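These are the residues of each chain, in order.
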Amino acid sequence: MIDLHCHSTYSDGTFSPSKLLEYAEKRGVEVLALTDHDTVDGLHDFFSHETSVERVAGTELSIDYDSGTFHLVGLFLDYKEKRLNETLDFLKNARRTRNEKIVAAVSGLLGRKVTLEDVSDGNEGELGRPHIAKYLIKCKVVSTMQEAFDKYLAKGQPLYVDKARLGFDEAAEIIYGAGGIAVLAHPASLRLSDEELVPFLGDLKERGLDAIEVFCSEIKPDRWPFYHGIAEKLGLGVSGGSDFHGDNKLKIALGTGPDTLNTPYSVYQALKELTQR
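Reading the values: the criteria
Residues numbered from 1 in each chain as written. Predicted model: local features only at pLDDT ≥ 70, side-chain atom pairs only at ≥ 80, totals over all residues. Heavy atoms only, no water. Helix = DSSP H or I, 4+ residues; strand = E, 2+ residues; numbered from the N terminus. Rg over C-alpha atoms; globule rule 2.2 N^0.38 Å. Buried < 20%, exposed > 50% of the residue type's maximum accessible area, 1.4 Å probe, protein only. Contact = heavy atoms within 4.5 Å. Areas by Shrake-Rupley, 256 points an atom, 1.4 Å probe, with all protein chains shown as cover. Arc of directions from axis to C-beta. Pairing = 2+ DSSP bridges. Right-handed = clockwise from strand over helix to strand, strands pointing away. Axes fitted to C-alpha atoms, helices over the stretch in contact; angles between N-to-C directions. Parallel < 35°, antiparallel > 145°, perpendicular 65-115°, else oblique. Left-handed = near helix turned anticlockwise from the far one by under 90°. Nonpolar A, V, L, I, M, F, W, Y, C, P; charged D, E, K, R; others polar. Core = buried A, V, L, I, M, F, W, Y, C linked by side-chain atoms within 4.5 Å.

Whenever I open this one, the overall build of the protein confuses me. Can you help?
Secondary structure summary: the protein contains 10 helices and 7 strands in total. In terms of overall size, the protein behaves like a compact globule, its C-alpha atoms giving a radius of gyration of 18 Å where 277 residues would be expected to give roughly 19 Å. Counting only C-alpha atoms and orienting by the principal axes, one finds that the protein spans roughly 55 × 45 × 40 Å. The buried share of the protein, taken over its 277 residues, is 53%. Residue pairs in contact within the protein that sit at least 24 positions apart in sequence constitute 69% of those at least 6 positions apart. In the form shown here, the protein has an accessible surface area of approximately 12,400 Å², with 47% of it arising from carbon and sulfur atoms.

So this is what it looks like as structure tokens:
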């Protein structure tokens, strides 16, 4: 079993990189990729920890897109590469500015001063909306994470602030420049019909997309053959990952997601071969 998509306390996960690896060992995960949002800051800790788990350096980038959500995962990165880090520094600074605006809005909602430190809750990197959601629960404004997003944090709601995103071509170029491969994360979040998906992914393939997540938490097992078929038709690689966030997504387990993910080691081997292009 492999897991090529998970998050740590360096973005919006609740496990440190070292704790993720310890947990992966207990869960029987053979290969683990750390793919924090817009950062590689946790990878030093990730690769410093002694473990039997094979490790992959990654990050997850938000792509400018109107219809739904478009996230691009970079895998097998040289995470010290200059342009990659310059771009991620830009995104982290933009995220920090966004967080300051959201927290200011939270202050207005609660009628008292709220700081980033109040919301942080042990986070080691830049905050994300899940941290704000948990703070709203703590303040008894809402009862659940879903309610926090539905009422306050989702697009169009009072606490929503748009974030900086990259264009697909720029993101793919940056991933390639760092020696990695570009993988479309949770393709169902694009919110495209089955008929729209094939030409859309075909265009991305021509522009540099290497693989799509077929085995992932946002796709029900009975739909895996459909996405696998698209990958084969377009000559795209196949990836798999739980999108584990620890306590921030309680229904998603490392390695297995909410259902019965059990992505085989052969998927990792095939993706690794794509780095030899």
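Okay, back to it.
Before we go on, may I ask you to explain helix α7 (residues 168–177) in this structure?
Side chains three or four residues apart in an α-helix point the same way, a direct result of the helix having 3.6 residues per turn. Of the positions making up α7, those classed as buried are Phe168, Ala171, Ala172, Ile174 and Ile175. Angular distribution of buried residues about the axis of α7 spans 160°; they occupy a single face of the element. Where α7 is buried, its residues meet β3 (54–62), β4 (71–75), α3 (82–110), β5 (181–184) and α8 (194–207). Of the residues flanking the end of α7, it is Gly179, one or two places downstream, whose phi is positive at about 80°.

Help me out: how do you make sense of the pairing of β3 in this one?
On any regular strand, side chains alternate: one points to one face of the sheet, the next to the other face. Burial within β3 is extensive, with 7 of its 9 residues counted as buried. Of the strand pairs in this sheet, strand β2 (residues 31–34) and β3 are connected by 4 bridges, and their pairing is parallel. Bridging from a neighbouring strand, Leu32 pairs with Arg55 of β3. Of the crossover connections in this fold, the one passing from β2 over helix α2 (residues 43–48) to the parallel β3 is right-handed. Both β3 and β4 contribute to a ladder of 5 bridges, which runs antiparallel. By the bridge assignment for β4, Ser62 is matched with His71.

Hey, could you run me through helix α9 (residues 224–234) in this one?
Those residues of α9 that sit buried are Trp224, Tyr227, Ile230, Ala231 and Leu234. What you see down the axis of α9 is that its buried residues fit within an arc of 130°, all on one side. Along α9, the residues that are exposed and aim more than 90 degrees away from the buried face are Pro225, Glu232 and Lys233. On its buried face, α9 sits against α8, β6 (211–216) and β7 (237–241). One or two residues past the end of α9 sits Gly235, with phi positive at roughly 75°.

I'm lost on the packing of α3 against α7 in this one. Help?
For the pair α3 and α7, the least separation of the axes is 8 Å and the interaxial angle reads 135°. Relative to α7, the element α3 lies oblique. With respect to the hand of their crossing, α3 and α7 are arranged in left-handed fashion. Of the residues in α7, those touching α3 at Arg83, Leu84 and Thr87 are Glu170, Glu173 and Ile174. Here the contact of α3 with α7 is composed, by residue class, of 2 nonpolar, 1 polar and 3 charged.

Before we go on, may I ask you to explain the nonpolar core in this structure?
Proteins that are soluble and globular tend to have nonpolar side chains buried together. Formed by 68 residues in total, the largest nonpolar core has its most connected members in Leu32, Phe70, Leu72, Leu75, Leu201 and Leu209. Residues in contact with Leu75, not counting those within four places in the same chain, are Leu4, Ala33, Thr35, Val56, Ala57, Gly58, Gly180, Ile181, Val183, Ser239 and Leu271. Listed in part, the 15 residues of the second largest apolar core include Val103, Val106, Tyr135 and Leu153.

Would you mind showing me how to read the pairing of β4 here?
Within β4, 5 of the 5 residues are buried, which leaves it mostly tucked inside the rest of the structure. Burial along β4 is two-sided: His71, Val73 and Leu75 facing one way and Leu72 and Gly74 facing the other are all buried. One ladder, built from 4 bridges, connects β4 with β5; its direction is antiparallel. Paired with Leu72 across the two strands is Leu184, which belongs to β5.

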